[in-house]
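Residue-level structural notes
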Amino acid sequence: MGSNASAGSAASTSGTRKHGKGVFFSSGRDSVINTWLISEEETKDMDGPKRKKKKARKDDDAQQRQVSIKVSYLRIRTLPVYEQVESMVLLSRKFRPASETRDQQEILGKRDVVLATCGTKGNVRLWKASP
């Protein structure tokens, strides 16, 4: 995950979705917020560690099976924020901005994520991200 041009200053995740997939957000002093798709895949290693063969027992089959989890990251979006990000928070659904008009309700969908950032200019900004 080395796509930030400078050191990362904040990271947040929107939780795990179905089948071990989730969305992860990273930001830094390079003035962008990166959106990542995280996926986990469970693999079973039937061979286990290589060792000298002894007399085969029934218990050996169960001991030789190992489960490993492969995690992969895919950057799906880069959002330029035009300010070095010092802190970033993922807002809970109950702390979303109030929608006063019908147009505002249509702008922010149920699946959208709201991020609050604070940067070097001293402003707190809200950003909409669609996973």
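For clarity, every value in this text was computed on a predicted model and none was experimentally measured.

Rules used throughout
Residues numbered from 1 in each chain as written. Predicted model: local features only at pLDDT ≥ 70, side-chain atom pairs only at ≥ 80, totals over all residues. Heavy atoms only, no water. Pairing = 2+ DSSP bridges. Helix = DSSP H or I, 4+ residues; strand = E, 2+ residues; numbered from the N terminus. Axes fitted to C-alpha atoms, helices over the stretch in contact; angles between N-to-C directions. Salt bridge = Lys/Arg side-chain N within 4 Å of Asp/Glu carboxyl O. Buried < 20%, exposed > 50% of the residue type's maximum accessible area, 1.4 Å probe, protein only. Contact = heavy atoms within 4.5 Å.

1. Let's talk about the sheet that holds strand 7 (residues 124-129)
With antiparallel pairing, the three strands of this open sheet are ordered in space as 5-6-7. Each having just a single partner strand, strand 5 (85-90) and strand 7 make up the two edges of the open sheet. Averaged over neighbouring strand pairs, the angle between their axes works out to 25 degrees when direction is ignored. One ladder, built from five bridges, connects strand 5 with strand 6 (residues 113-119); its direction is antiparallel.

2. A word on the pattern of salt bridges
On inspection of all chains with the given rule, the structure shows three salt bridges. Among the ionic pairs, Glu-86 bridges to Arg-29, the shortest N-O distance being 3.0 Å. Of this pair, Glu-86 sits in strand 5 while Arg-29 sits in the loop between strand 2 (21-28) and strand 3 (32-45), placing them 57 residues apart in sequence. Taking relative accessible area as the criterion, Glu-86 reaches 31% and is therefore assigned partly exposed.

3. Let's talk about the environment of Phe-25
Here Phe-25 shows up in strand 2. As a C-alpha pair, Phe-25 and Met-88 span 63 residues in sequence and 9.0 Å in three-dimensional space. Aside from chain neighbours lying at most four places away, what touches Phe-25 is Ala-10, Ala-11, Ser-12, Ser-14, Ile-33, Asn-34, Thr-35, Met-88, Leu-90, Val-113, Leu-115 and Ala-129.

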